[in-house]
Each structure stands twice: as C-alpha cells, then as structure tokens.
Amino acid sequence: MAGTTQFEPRKMKFYGLRDIESLPQLRKLPEERRFAMRVVANVLPMRANNYVVEDLIDWNRVPDDPIFNLTFMQQGMLSPERFERMAEAVRGGDAERIKRTAGELRLEMNPHPAGQMTANVPVMDESLVQGVQHKYRETCLVFPSAGQTCHAYCTFCFRWPQFVGMDDLKFATDESLRFQEYIKRHTEITDILFTGGDPMVMGINNLRAYIEPLLGPGFEHIETIRIGTKSVSYWPYRYVTDRDADEILRLFERIVGSGRHLAIMGHYNHHVELSTDIAREAVRRIRRTGAQIRCQSPLIRHINDDPQVWAAMWQTQVRLGMIPYYMFIERNTGAKAYFEVPLVRAYEIFRQAYGKVSGLARTVRGPSMSALPGKIAMEGVAEIHGEKVFVLRFIQGRNGDWVKRAFFAKFDEHAAWLTDLKPAFGAKEFFYEAELRQLLEDKQKSLETADSVGD
Ligand SMILES: *Cc1c(COP(=O)(O)O)cnc(C)c1O
Ligand code: SF4
C-alpha cells in the first residue's frame with residue numbers, strides 16, 4: 001500500500017509492582033520515589049506495558065509526564081495517613097502484614113457508591129441478568145467476563161477493585177450468556193455497548209462469541225454496536241500486527257456489513273497517545289473497516305487538567321478522522337483527592353478548549369458527570385436575580401423525560417460532584433429527586449423478588 005510503513009510485531013510485556021526496582025527507566029528515579037511507588041502499588045493495582053513505557057512516556061519529563069502519571073503510582077494517591085500505614089508495613093517487610101494492611105486500605109477506599117452495584121442490573125424471569133447494565137432506554141451495557149482486564153491500568157480507574165480481585169467480577173457475564181436473551185426481548189434497545197475492563201483484551205474467538213449472535217435473527221432492533229476500549233491507545237498492535245489483528249478487522253467489517261453502525265468508543269486522555277506511527281496506523285485500519293472512532297476521557301488532575309491539552313487532543317482526533325464525544329468528570333476513584341478537578345475549573349477548562357477548536361471538534365459534550373440520576377453536564381455559571389448559580393443539564397436520564405432539562409445549583413467553588421451540590425433559589429431538592437427515589441425503590445423491590453443468581 002502506498003505510504004504505509006512496515007510494522008514489526010511486538011511481544012507485550014506487562015510491568016507491575018514486582019518490576020519497580022528492576023525496570024531501567026525507573027531505576028533512574030530517586031530511591032524515595034520508587035519506594036513511594038511500591039507503597040501505593042501494594043494497595044492499588046499497577047500495570048504498564050512495554051509500548052507505554054518505551055513509546056508513550058517521555059522520561060525526560062518525568063515526574064510531570066502525563067502518561068507517567070496515567071500508569072505509574074504516585075505518593076499523593078494515598079492520603080498521608082494511609083500512605084504512612086502502608087509505608088510502615090512495607091518497611092517492616094512482613095508479607096502477611098503487607099497483605100493485611102492492603103486489604104484494610106482497599107476496603108476503606110472502595111469507590112462503589114451505594115446502589116451502583118445493582119441499580120442498573122436488569123431482572124429477567126425473576127433473576128438478575130449477570131454482566132448487563134441497562135440504565136438508559138436505548139443503550140444496554142455488556143461486560144464480557146473475559147474482557148475484565150486492560151492492556152495497562154489507568155491510575156485513576158474506579159474499576160480497580162475488580163483488578164485486585166476484590167469484587168469477584170460481579171459485573172461480568174456468566175457462562176449462560178443470558179444477556180443475549182435479554183437483549184432479544186427488549187426491542188427498545190438500539191445500542192449494545194461492550195465494555196469492561198477492556199473487551200479488546202479478548203481474542204478473536206471470544207469477540208466472535210459475544211458479537212456475532214447479535215448480527216443474526218432476533219436482533220433486528222440493534223442498530224449500533226459500540227465497543228468501549230483503551231486498546232487503541234495502550235496497545236495499537238492489536239489492530240496492526242497481533243496474530244489475530246486481521247481477523248478482528250474482518251469482524252468489524254462484518255458488523256458494518258450487517259447494516260449496523262460500529263462505534264469504537266476510544267478512551268484517550270492525552271494527545272500523546274495519538275502521536276506514534278503505530279497508534280495512527282491502528283486508527284487508519286479501524287476506520288477502513290467502516291467503523292467510526294468516538295473519543296472520550298475523564299478530566300484528571302496531573303494528566304490533562306489543561307485546556308491546551310484538550311484542544312490539541314480534539315484537533316488531533318478530528319484530523320485523524322475520529323469524533324470527539326465526551327469529557328467526563330471523574331467519579332469517586334479511590335484516589336479521588338489526588339485526581340479531582342472542581343466543577344468550576346472543569347467547566348473553565350472545557351470552555352477554553354472548546355473555544356479553540358473548529359465546529360467539527362465541537363461534537364464533544366461535557367464536562368459530564370455519570371451520576372445516579374443520569375449523565376449531567378455542567379453547562380456554566382450564571383448570575384440570576386443576584387444569586388450566583390451553576391447551570392446543569394441532563395444529557396441522559398434514568399427517566400428519559402429528564403433529558404435536556406436544565407436545573408440550578410448554588411455556586412460552590414469546591415464542589416467536584418453532583419452530591420456536593422445544593423439546589424439554588426431556596427428549593428429543597430432538585431426537580432428529579434422525588435422521582436429518582438421512587439424509581440430506585442421500585443427497582444429494589446424487583447431485585448428483592450428476584451432470586452439472586454450467582455450470589
Ligand atoms: C454513558 C452511558 C451510556 C451511553 O450514553 P450515551 O449518551 O448514549 O453515550 C449508557 N449506559 C450507561 C450506564 C452510561 O453511563
Ligand atoms: S482502560 Fe478503562 S477500565 Fe482499564 S484501567 Fe483504564 S479506565 Fe480502567
């Protein structure tokens with residue numbers, strides 16, 4: 001093909017806690033920094049790979065390098081008190097004590113907000129449908145059991161409990177694949193979103209087993225298949241030189257050939273992730289199958305809390321034929337205090353970045369909170385009758401009727417999440433709260449009558 005470089009296959013190597021003292025790039029860091037990294041990595045899962053370490057991180061910019069902060073643990077991720085507890089254990093060197101302390105700290109830091117575990121899991125024939133979340137009418141999330149890990153772990157990821165084996169993959173599909181029957185019966189569903197972890201860690205046979213049935217009889221109502229993935233960033237070889245790369249692209253072509261839209265929901269945090277030849281080749285190959293790549297990322301302190309970074313990222317995406325889609329506010333991550341950006345600042349970063357790019361990049365929405373009632377965008381700060389307020393708006397709602405509705409919260413420069421906000425203008429609660437309580441109550445009742453399969 002004209003203008004294409006030959007790419008050599010690359011063998012993936014993972015780096016974790018055990019490699020902190022031996023990885024040559026880390027050996028160059030001060031001893032205390034490696035120690036701090038070991039302390040944190042004994043609590044939260046750490047995984048980088050050879051592509052991320054050798055091609056994405058600019059080691060001359062460490063410790064400020066964004067990709068370094070994206071994949072390697074930082075001391076600030078634990079509160080000083082928790083850090084000290086773990087540091088003591090690590091200094092002592094007693095494996096049992098390290099393990100016990102890790103367990104205690106993880107329990108204290110578990111980010112799963114109450115209700116989140118089951119409020120979105122549907123019930124069919126009086127039992128839970130494992131591995132499915134169905135919160136918004138049109139879109140059903142599927143968590144394949146074989147896709148619950150990633151090519152590297154993001155330091156801010158709220159799914160870390162499953163990576164350390166804490167929550168037993170409660171979200172993942174079971175062997176019966178009952179999710180297919182559920183989707184078949186629910187003809188209001190138009191979009192299936194495979195997510196994880198990262199479904200693209202699965203080999204071609206698993207991918208086929210999950211996706212191909214949806215192209216057959218009974219699934220005519222499915223219009224779009226989405227795959228949420230960070231693989232295009234963390235391991236682009238997946239689409240270029242990995243052994244089953246070509247078969248994956250053929251599968252993508254078959255989805256498109258079935259008359260459906262295939263949307264790769266690419267997780268990108270920084271434009272550096274789109275700067276290598278192999279990353280661009282992966283994008284080119286995916287797009288050639290007829291799939292679109294839509295891009296989303298949370299806004300994270302120490303990684304991308306800068307309007308220049310977002311503007312450059314969106315522009316690069318548009319240039320490569322990708323579509324900017326969402327900027328998220330990071331939810332409770334476990335290391336929230338370290339990564340958190342207040343809502344006012346998130347809005348300012350979004351506004352400034354948005355103002356720098358052409359209309360083609362303004363397909364992006366946000367900054368958005370994926371919260372219990374729905375996806376809520378921080379639309380701005382306004383002064384109404386002398387009261388300074390936040391303007392918020394539903395992008396998605398647990399009740400479809402809430403979508404597009406605006407509402408107001410008291411201005412609060414420290415607020416970083418919906419639950420930090422108070423209604424403006426003396427209202428007792430936000431307009432949706434009574435209905436939300438009712439919806440969750442009804443859901444709870446249906447869960448109680450269901451025999452909890454797999455529990
Ligand atoms: C974000 C999200 C979706 C998809 O919403 P879109 O706005 O259609 O991209 C679906 N389900 C859940 C639970 C989500 O958080
Ligand atoms: S790729 Fe996604 S699921 Fe995996 S660690 Fe990063 S944020 Fe978490």
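Cut-offs used in this document
Every chain begins its residue count from 1, and numbering advances along the sequence as written. Working convention: letters from A go to chains and numbers from 1 go to ligands, in the order in which they are written. Only residues with pLDDT of at least 70 get local features here, since the model is predicted, and only at 80 or more are side-chain atom pairs given and counted; chain-wide, interface and lining totals rely on the full set of residues. Only hydrogens and water are set aside; all other atoms, that is, all heavy atoms of the structure, feed into the side-chain values. An automatic or database domain assignment supplies the residue ranges for each domain. Here, two residues are considered to be in contact whenever any of their heavy atoms come within 4.5 Å of each other. What counts as buried area is the accessible surface, traced by a 1.4 Å probe, that two parts surrender upon association, with contributions from both included. We define a salt bridge as a side-chain nitrogen of Lys or Arg found within 4 Å of a carboxyl oxygen belonging to Asp or Glu. Nitrogen and oxygen atoms within 3.5 Å of one another constitute a polar contact, given that in protein one can donate a hydrogen and the other can accept it, and given that sequence-neighbouring residues count only through two side-chain atoms. Segments assigned H or I by DSSP are reported as helices when at least four residues long, segments assigned E as strands when at least two residues long, and all are numbered from the N terminus. Two strands qualify as a pair provided DSSP detects at least 2 bridges between them. Axis lines are fitted to C-alpha atoms, over the contacting stretch for helices. Their N-to-C directions set the angle, which ranges from 0 to 180 degrees. What makes a residue near a molecule or strand is one non-hydrogen atom of that residue sitting within 4 Å of it. Ten residue types, Ala, Val, Leu, Ile, Met, Phe, Trp, Tyr, Cys and Pro, are classed as nonpolar, four, Asp, Glu, Lys and Arg, as charged, and the remainder, Gly among them, as polar. Partly exposed describes any residue whose relative accessible area lies between the buried limit of under 20% and the exposed limit of over 50%, with all areas from a 1.4 Å probe on protein chains only and scaled to the type maximum. Note on terminology: disulfide denotes any pair of cysteine sulfur atoms within 2.5 Å. Expected helix span is taken as 1.5 Å per residue step, with the number of steps being one fewer than the number of residues. It is the directions from the helix axis to the C-beta atoms that the arc portrays.

(A) Focus on the domain arrangement of the chain. Each domain of the chain was delimited in the assignment, giving domain 1 (14-107) and domain 2 (123-451). Computed over C-alpha atoms, the centres of domain 1 and domain 2 are 27 Å apart. Taken together, the contact pairs 25 residues of domain 1 with 30 residues of domain 2. With both chains or domains summed, domain 1 and domain 2 bury close to 2,300 Å², and 69% of this area falls on carbon and sulfur atoms. Counting across the interface, domain 1 meets domain 2 through zero salt bridges. Put simply, domain 1 and domain 2 have eight residue pairs in polar contact (both at pLDDT 80 or more) between them. Looking at the side of domain 1 that touches domain 2, the elements that each hand over two or more residues are strand E2 (48-49), helix H3 (50-56), helix H4 (66-71) and helix H6 (95-109).

(B) How the structure looks around the sheet that holds strand E12 (residues 365-370). Sheet architecture is open: eleven strands sit in the order E5-E6-E7-E8-E9-E10-E11-E12-E13-E14-E15, paired in mixed fashion. The open sheet has two edge strands, strand E5 (132-136) and strand E15 (406-410), and neither has a second partner. Shown here is a sheet whose adjacent strand axes are inclined to one another by a mean of 30 degrees, direction ignored. When E5 meets strand E6 (residues 139-142), the two strands line up antiparallel, connected through three bridges.

(C) Expanded view of the side chain of Asn42. Relative to the assigned elements, Asn42 resides in the loop between helix H2 (31-41) and E2. If we skip the residues at most four places from it in the chain, Asn42 touches Leu17, Met86, Val90, Ile98, Ala102 and Arg106.

(D) Layout of the site of ligand 2. The environment of ligand 2 is formed by Cys150, Tyr153, Cys154, Cys157, Phe163, Gly197, Lys230 and His267. Grouping the amino acids of the shell around ligand 2 by side-chain chemistry returns five nonpolar, two polar and one charged.

(E) Representation of unusual backbone geometry within the structure. Of the consecutive residues Val62 and Pro63, the connecting peptide bond is found in the cis state with omega at 10 degrees. You can see Pro63 is positioned in the loop between H3 and H4. Note that the residue after Gly366, namely Pro367, is joined by a cis bond; omega there is -10 degrees. On the secondary structure map, Pro367 appears in strand E12. Positive phi values are uncommon outside glycine, yet Lys404 reaches one of about 80 degrees. One non-glycine residue, Phe425, lies in positive phi territory at about 55 degrees. Residue position: Phe425 is located in the loop between E15 and helix H16 (433-449). For Phe425, a relative accessible area of 39% corresponds to the partly exposed category.

(F) Quick peek at the state of the cysteines. Scanning the entire structure with this criterion turns up zero disulfides. Free cysteine: Cys140, not disulfide-bonded; nearest cysteine sulfur from Cys150 at 20 Å. With no disulfide of its own, Cys295 has Cys154 as its nearest cysteine by sulfur position, at a separation of 15 Å.

(G) The arrangement of the pattern of salt bridges in detail. In the structure shown here, the tally under the stated rule is 31 salt bridges. Across the pair Arg85 and Glu81 runs a salt bridge, and its minimum N-O distance is 3.0 Å. Of this pair, Arg85 and Glu81 both sit in helix H5 (residues 80-92), four residues apart, which is roughly one turn of that helix. Here the salt bridges do not stand alone but share partners, grouping Glu21, Arg27, Glu31, Arg34 and Arg38 into one network.

(H) A look at H16. For H16, which comprises 17 residues, the first-to-last C-alpha distance of 25 Å matches the rise-based estimate of 24 Å (1.5 Å per residue) to within 8%. Listed in full, the buried residues belonging to H16 are Leu436, Lys443 and Leu447. Burial along H16 is one-sided: seen end-on, the buried residues are contained in an arc of 40 degrees. When the buried face of H16 is taken as reference, the exposed residues oriented beyond 90 degrees from it are Glu448 and Thr449.

(I) Molecular detail of helix H11 (residues 245-257). Between its first and last C-alpha, H11 extends 18 Å over 13 residues, near the 18 Å set by a 1.5 Å rise per residue. Of the positions making up H11, those classed as buried are Ala245, Ile248, Leu249, Leu251, Phe252 and Ile255. Down the axis of H11, the smallest arc covering the buried residues is 155 degrees, so these residues share one side. Immediately downstream of H11, the backbone of Gly259 shows phi near 90 degrees, a positive value.

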